[in-house]
Amino acid sequence: MDLYKQPAHVLHDMLENKEITAVEMTKNFIARINSFDNKIGAYITKMSDTALKTAETVDADIANGKKINFLTGLPGAVKDNICTLGTKTTCASEMLKNFVPPYNASVMEKLNKEKAIILGKTNMDEFAMGGSTENSAFFTTHNPWNTEYVPGGSSGGSAAAVASGLAAWALGSDTGGSIRQPASFCGIVGMKPTYGRVSRYGLIAYASSLDQIGPLTRDVTDCANILNIISGYDEKDSTSIKKDIPDYTKSLVQNVKGLKIGIPKEFFIEGMNKEVYTAVKKAVSDLEAMGAEVRNISLPHTKYAIAAYYLIAPAEATTNLSRYDGVSYGARVPGEDIVAMMTNTRTAKFGDEVKRRIMIGNYALSAGYYDAYYLKALKIRTLVKEDYDKAFEKVDIIVAPNAPTPAYKIGSIINDPLQMYLQDICTVPLNLAGLPGISLPCGFSRDGLPIGMQIIGKPLDEETIIKTAYTYEQSNDFHKKFSGVE
Amino acid sequence: MKVTEKDVENVAVLSRLSVSADKMDKYINDLNNFLEYVDVIQKADTENVKPTAHVLPLQNVFRDDIVKPSLDREAALSNAPEKEDGYFKVPRIIE
């Protein structure tokens, strides 16, 4: 059996049934990373030594008859904007190239408590700004289905690691689609939970009112299990929601009978790729054949969502990234006085896309333009949210594509920022409204590239999303196909 | 309204970034294209619409005022680009 092709729940069962040890499993994944990551470029930092040490303690626990949890002993990967105590966390930026956090993100505390095995920190667009992982300051990650194509972004390293069997599971972060779109491009499952469901403490901030950590997995069962582990109130995050967490694995049932599915006309935009359109529509008709009721709906303010997002996110980024001043942590480039030192540091150590967004953010927030751009964008955000509130009075769930096209070739639109931003049309509105959404595979293009469908739920209703996704997943074998390099 | 070289220079100062002469035209062009695109939001009727800065209806998120240990000095200084005698070291600010 090829371990790396298995979902995490199968590996968990093997470990529990003592068919394999955690050390054997971890060595297996490390060997695969050492053989194939040069073709994918999923990892910025490998953590083989600590991974093996944790695996040894897991095996000792199992030998002593200790019960293991879902992720105990299971090798996974974490996006490099999630702080790991004692291990470099670079945000794929020259600015944080040597940054070693003196604390753990709250999700890391949860993973460590489970004794999950962390194989390494994954590549991303610098400071999570981008949709292709081409904006990493270090190297570009390649799509495992065709290495000439992008894996999506900004969690491209996490998605590519899972899709190519270089990790059994991974965590990413989603500000405008950065979990769902790479999951879609890489043919795996990716979920952005409701804003506030998962603690952001220790996630290096890009746009604080939009960022959310979530899982990237081989199937919906793994997604539900990992959501159980990482969700929950955290007093260290003032935006965390104080609500009980349901057991998401109870939603792993095949039943969409009577479920009302909304199809928003604004997400099936003119000019979108025909294969994506056909695959998602087919998935909807499959769900209908299984008993769901399909209704056409409208989210009329979607047409303003991208513009609002690309004003709000850079405005927040400008503020968040002002802390990189060369004083207390991160890189420093000398200057004749302190202002020159800060300017030299930021100019030399931020990449082009980060600088572009800082400039846009400062422009939108500056005197004379604040009302016309930033404040107006915040009002659009209200309208986008109200669209969803109204839609959810009529439907239980919304189904849409994740991106207007499958993965595109590396280098094809990197020099056209506006074209790049328009790729986010299907994912961004959810972040503006704080809603949960999942991406799961629903087909392949003629070129063999995966196509993802997106299931969007009411706030805090991850359960209906998981139930719908699971029902659909069990009706096909898209999630069983393996892309990885061999 | 078109962005000028002066606008870019002003925003660069606010951003603590410098824009080199050979990149100035690209910045002006990118910012103009961007602003032309985002002007679509001006078409939306937002009369009497309240802004949403945050999607959660959270207010007054306070914790109990209990003294807890903070990051110790060594850990806080561990990533400093320059340090001296237990302090962050920066270029002279006051002449």
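Residues numbered from 1 in each chain as written. Chains lettered and ligands numbered in written order. Predicted model: local features only at pLDDT ≥ 70, side-chain atom pairs only at ≥ 80, totals over all residues. Heavy atoms only, no water.

Quick word on the overall build of chain A
Move 1: Scanning chain A from N- to C-terminus turns up 15 helices and eleven strands.
Move 2: Relative to a compact globule of 486 residues, whose C-alpha radius of gyration would be 23 Å, chain A shows 21 Å and is just as compact.
Move 3: Of all 486 residues assigned to chain A, the portion counted as buried reaches 67%.
Move 4: Carbon and sulfur atoms make up 47% of the accessible area of chain A, which amounts to about 16000 Å² in all.
Move 5: Side-chain charges of chain A comprise 52 positive and 54 negative groups, with the mean position of each set lying 2 Å from the other. (Helix = DSSP H or I, 4+ residues; strand = E, 2+ residues; numbered from the N terminus. Rg over C-alpha atoms; globule rule 2.2 N^0.38 Å. Buried < 20%, exposed > 50% of the residue type's maximum accessible area, 1.4 Å probe, protein only. Areas by Shrake-Rupley, 256 points an atom, 1.4 Å probe, with all protein chains shown as cover. Lys, Arg positive; Asp, Glu negative; His and termini not counted. Charge placed at Lys NZ, Arg CZ, Asp CG, Glu CD.)

Focus: the layout of surface pockets
Residue and element names in this part refer to chain A.
Move 1: Of the volumes computed, that of the largest pocket is approximately 610 Å³.
Move 2: Along its surface, the largest pocket is lined by 30 residues, and Cys83, Tyr103, Tyr201, Gly202 and Tyr329 are the ones closest to its centre.
Move 3: Of the residues contributing to the lining of the largest pocket, the split by class is 16 nonpolar, eight polar and six charged.
Move 4: Lining the second largest pocket are 20 residues; nearest its centre among them are Asn135, Asp352, Glu353, Arg356 and Ile414. (1 Å grid on protein atoms, 1.4 Å probe; cavity = no way out; pocket = protein on both sides within 12 Å on 5 of 7 lines; lining within 4 Å. Points joined across faces, edges and corners; volume = space filled by probe spheres on them. Nonpolar A, V, L, I, M, F, W, Y, C, P; charged D, E, K, R; others polar.)

Remarks on the packing of helix 11 (residues 352-365) of chain A against helix 12 (residues 370-394) of chain A
Residues and elements named next belong to chain A.
Move 1: The geometry of helix 11 relative to helix 12 is characterised by a closest axis approach of 7 Å and an angle of 105° between their N-to-C directions. In terms of orientation, helix 11 lies roughly perpendicular with respect to helix 12. Contacts between helix 11 and helix 12 involve Tyr363, Ala364 and Leu365 on the former and, on the latter, Tyr370, Tyr373 and Tyr374.
Move 2: Class assignment of the residues belonging to the contact of helix 11 with helix 12 gives a composition of six nonpolar, no polar and no charged. (Axes fitted to C-alpha atoms, helices over the stretch in contact; angles between N-to-C directions. Parallel < 35°, antiparallel > 145°, perpendicular 65-115°, else oblique. Contact = heavy atoms within 4.5 Å.)

What to know about the pattern of salt bridges
When the charged atoms of two side chains lie near each other, side chains of opposite charge can form a pair.
Move 1: The tally for this structure, following the rule as stated, stands at 19 salt bridges over all chains.
Move 2: Within this structure, Glu353(A), Arg356(A), Arg357(A), Lys26(B) and Asp30(B) form a network of salt bridges that share partners. (Salt bridge = Lys/Arg side-chain N within 4 Å of Asp/Glu carboxyl O.)

Note that all results are geometric; they support no functional claim without further evidence.
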